[in-house]
Amino acid sequence: MSSNSPMNLEDAGKPWWTFGHVWLVIAGPVIVIIAGFVTLWLAVSKPDPVIAEDYYQRGLNINETLKESGGDMTPAMKGRNHAATPLEDQPR
């Protein structure tokens, strides 16, 4: 071997697991596999709730409640609309 070789003669007989860069290469896929199993466990152990059977009627009831409440949100809506209007379009 030449003197500028990346591997020394004393390293030639060492087993592969004694080299740190090997573990660096192996660590990435192992971490991804572990994260996949953690994600699978979370998905199986905590399933999403089922939508209520009367979801459409509940939505209609919420809309009716909002119509009845009237102007509770009027100042906030005016402020939001004012902030979103470009300067050249704002009234003077």
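See the structure shown above.
Residues numbered from 1 in each chain as written. Predicted model: local features only at pLDDT ≥ 70, side-chain atom pairs only at ≥ 80, totals over all residues. Heavy atoms only, no water.

Draft legend 1. Here's a closer look at the overall build of the protein. Scanning the protein for helices and strands turns up 3 helices and 0 strands. Its helices and strands taken in sequence order, the protein reads α-α-α from the N to the C terminus. Relative to its full complement of 92 residues, the protein shows a buried share of 3%. About 8,700 Å² of surface is accessible on the protein, with carbon and sulfur atoms providing 66% of the total. (Helix = DSSP H or I, 4+ residues; strand = E, 2+ residues; numbered from the N terminus. Buried < 20%, exposed > 50% of the residue type's maximum accessible area, 1.4 Å probe, protein only. Areas by Shrake-Rupley, 256 points an atom, 1.4 Å probe, with all protein chains shown as cover.)

Draft legend 2. Highlighting the packing of aromatic side chains. As enumerated under the stated definition, the model contains 2 aromatic pairs in all. Judged by centre distance (5.8 Å) and plane angle (85°), the rings of W16 and W17 are edge-to-face. For W17, a relative accessible area of 49% puts it in the partly exposed group. On the numbers, 5.8 Å between centres and 35° between planes, the contact of W16 with W23 is tilted. Taken together, the ring pairs in this structure connect W16, W17 and W23 into an aromatic cluster. (Phe/Tyr/Trp six-rings, centres within 6.5 Å; stacked < 30°, edge-to-face > 60°.)

Draft legend 3. Spotlight on the pattern of salt bridges. Going through the model one piece at a time under the given rule, you end up with 1 salt bridge. Across the pair D54 and R58 runs a salt bridge whose closest N-O atoms are separated by 3.2 Å. D54 gets classed as partly exposed once you look at its relative accessible area, which sits at 37%. Exposure remark for R58: the relative accessible area of 47% places this residue in the partly exposed category. (Salt bridge = Lys/Arg side-chain N within 4 Å of Asp/Glu carboxyl O.)

Draft legend 4. Region of the structure containing helix α1 (residues 20–45). Along its 26 residues, α1 runs 37 Å from first to last C-alpha, staying within 8% of the 38 Å computed at 1.5 Å per residue. Where α1 bends most, at A27, the angle is about 30°, and the proline P29 comes one to four residues later. Counted residue by residue, α1 has 1 buried out of 26 residues, so it is predominantly exposed. (Expected span 1.5 Å × (residues − 1). Bend = angle between axes of the 7 residues up to and from the residue.)

In short, shape yes, function no, at least from these values alone.
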